[in-house]
Amino acid sequence: MTRRTVFAVGGQAAGAAAASIVLLPVVGFALAPIFDRPEEAWEGVGSPDEFTDDTYRQAVITQTPGIGDSGKTTVYIRQGSAVLDENPDEYIAISTRCAHLGCPVRFTPAAGTFICPCHGGVYDFEGKVIGGPPVRPLDRFQTRIVGSELQVGPRYSVTSQLEPVRARDPGEFTGGIWEYLYPPRPTTPAPPS
Amino acid sequence: MPKLPIPAALRRPAKPGERKNGARVNGGGDGSGRDQVIGRAKEAPVDVVAWVDERTGASPFLTGMLLRKVPKGTNWFYTLGSATLFAFAMQAVTGVFLAMYYVPSATEAYDSITHLTNDVFLGEFVRGLHKWGSTLMIILIFLHMGRTFFFGAYKYPRELQWVIGVVILILTLVMGLTGYLLPFDQRSYWATIVAMNITASGPVVGPYLADFLRAGAEFGGTTLPRFYAVHMLLVPGAMIALIGAHLFLVVRLGTTAPPWVRSDPQPKSVRAEKIGGPKT
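Keep in mind that this is a model prediction, so the values were computed, not measured.

Listed as interface residues are 25 residues of chain B and, on the opposing side, 23 residues of chain A. Within the residue set of the side of chain B that touches chain A, elements represented by two or more residues are α7 (186-200) and α8 (206-214) of chain B.

Here it is, written out as structure tokens:
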């Protein structure tokens, strides 16, 4: 190895080191929010007595604090129904985020269905897909009762058989092999058992 | 004779046969002072250009670019690339001025756009230019691409130019996508939600890409600034560099004749010229 080669390679290496000192932190800076673990937030939505097992009531919760109305989302809540083999002591909180591409669905009491305005997704009373393009049932939120208040907590997704899995983005299938093709975010909380 | 106020550095060096003060020996009509001054004044711009040229060597490049030969049959379809460039320049200029009023924050963006549109002098016009200009640029870039395709202008030796053009096309669409969120009204919010969820629906890497786009698991406080930075700094910078490379190749390789213009017949071979034979 000649002296000239040593200096050429050394110079290139020094340049690469200098460039990566700048570039690596910048890339990390842009990617960092992916690995943020959001704080597990529980928000009160009123007394459990306000909710019945035959229809949904709306509640508005804050999903992302600090950005005004765009950080809020609507949740449909009802009591567990014995007719549907659910525990009447539990409360079902259904997300309005359509499982197709994330538009807000609306519950239509007369039909007992959730309907999405964007691409015509339709869900039944439990949130299972009965029409249109959505790939899985509507997401749910964990619920708990603290004192005399019903609280809504972290989001989780469900399979087509309504088994809880970790939260996924809209458009992602759940259950079976899809659990591996659409890996959940490493920081999502575990689903309720 | 009055001296013109041209600094010595700007003055043309005296050529052989000229006097030291710069006046030409045979330069000025009847030789009166007035004609000499007018004659020199007429040459002043030439002198300035010559001064720059002597130090940069720009003129061979500029004449080569501006006075280059174009093939027979060049027609109006060949202006689509320049039209796209004009649309890009218009977007860049109006974008700079919109940035003077726009606030990239989830709580203030909509109000700043409303203020810009309704209160600022000509704000509605500048914003309108930017909004409709984006559509114009996408239409023009597709027409330009169609012209290139149907005229066969992507073939050897211009393949790299096509590849660069496709990257510019993709970046133009990225500009459209990221710019759509910035007014931050209901339409742009939900359209962006849908766009990010379409990204997320790609298997394996989709969820991570969507997280990168919206800076986290949910649409949050840093999503809008992120789109703003991509829209006004990252992508335009890349586009300017790529447009430069694209134009360099246009100058270097020239344009193609339209397919219906036949190339010159092949020159006769030596044999055909000397002893006669089948014309080729």
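Right, let's talk about the domain arrangement of chain A for a bit. Per the domain assignment, the segments of chain A are domain 1 (3-35) and domain 2 (43-181). Relative to domain 2 of chain A, the C-alpha centre of domain 1 of chain A lies at a distance of 47 Å.

All names here are of chain A. Taken in spatial order, the four strands line up as β5-β6-β7-β8 in an open sheet, and their pairing is antiparallel. A single partner strand is all that each edge strand has here, and the edge strands are β5 (106-108) and β8 (129-131). With two bridges joining them, strand β6 (residues 113-115) and strand β7 (residues 122-123) adopt antiparallel strand pairing. Across the sheet, the residue bridging to I115 is V122, located in β7.

Looking now at the environment of M175 of chain B. Residues and elements named next belong to chain B. For M175, the location among the structural elements is in helix α6 (residues 159-181). Taking C-alpha positions, M175 is 21 Å from T114, a pair spaced 61 residues apart along the chain. When near neighbours in sequence (up to four residues on either side) are disregarded, M175 contacts H231 and V235.

Residue and element names in this part refer to chain B. One way to put it is that helix α5 (residues 123-150) packs onto α6 with a least axis distance of 11 Å and a crossing angle of 160°. Between α5 and α6, the interaxial angle falls into the category roughly antiparallel. Between α5 and α6 the crossing geometry is left-handed. Contacts between α5 and α6 pair S134, M137, I138, I141, M145 and T148 from the former with W162, G165, L169, T172, G176 and G179 from the latter. Of the residues that constitute the contact of α5 with α6, the class distribution is six nonpolar, six polar and no charged.

The next thing to look at is the nonpolar core. By size, the foremost hydrophobic cluster in this structure holds 24 residues, and its most contacted members are V75, I77, A93 and V152 of chain A. Elements that contribute at least two residues to this core include exactly β2 (57-62), β3 (72-79), β4 (91-95) and β10 (149-158) of chain A. Aside from chain neighbours lying at most four places away, what touches A93 of chain A is V75, I77, R140, F141, T143 and V152 of chain A. Residues Y102, A109, Y110 and V126 of chain B belong to the second largest nonpolar core, which totals 16 residues.

Domain assignment breaks chain B into domain 1 (8-66) and domain 2 (76-253). Each of domain 1 of chain B and domain 2 of chain B was reduced to a C-alpha centroid, and the two centroids are 47 Å apart.

An α-helical turn contains 3.6 residues, so a residue and the one three or four places further along point in the same direction. Residues and elements named next belong to chain A. If you check helix α1 (residues 3-31), its first and last C-alpha atoms are 41 Å apart, about what 29 residues at 1.5 Å a residue would give, namely 42 Å. The largest bend in α1 comes to about 30°, at S20. In terms of burial, α1 is a largely surface element, zero of the 29 residues being buried.

Quick notes on the rules
- Residues numbered from 1 in each chain as written.
- Chains lettered and ligands numbered in written order.
- Predicted model: local features only at pLDDT ≥ 70, side-chain atom pairs only at ≥ 80, totals over all residues.
- Contact = placed C-beta atoms within 7 Å.
- Helix = DSSP H or I, 4+ residues; strand = E, 2+ residues; numbered from the N terminus.
- Domains from an automatic or database assignment.
- Pairing = 2+ DSSP bridges.
- Axes fitted to C-alpha atoms, helices over the stretch in contact; angles between N-to-C directions.
- Parallel < 35°, antiparallel > 145°, perpendicular 65-115°, else oblique.
- Left-handed = near helix turned anticlockwise from the far one by under 90°.
- Nonpolar A, V, L, I, M, F, W, Y, C, P; charged D, E, K, R; others polar.
- Core = buried A, V, L, I, M, F, W, Y, C linked by C-beta atoms within 7 Å.
- Buried ≥ 20, exposed ≤ 12 C-beta atoms within 10 Å, placed from the backbone.
- Expected span 1.5 Å × (residues − 1).
- Bend = angle between axes of the 7 residues up to and from the residue.

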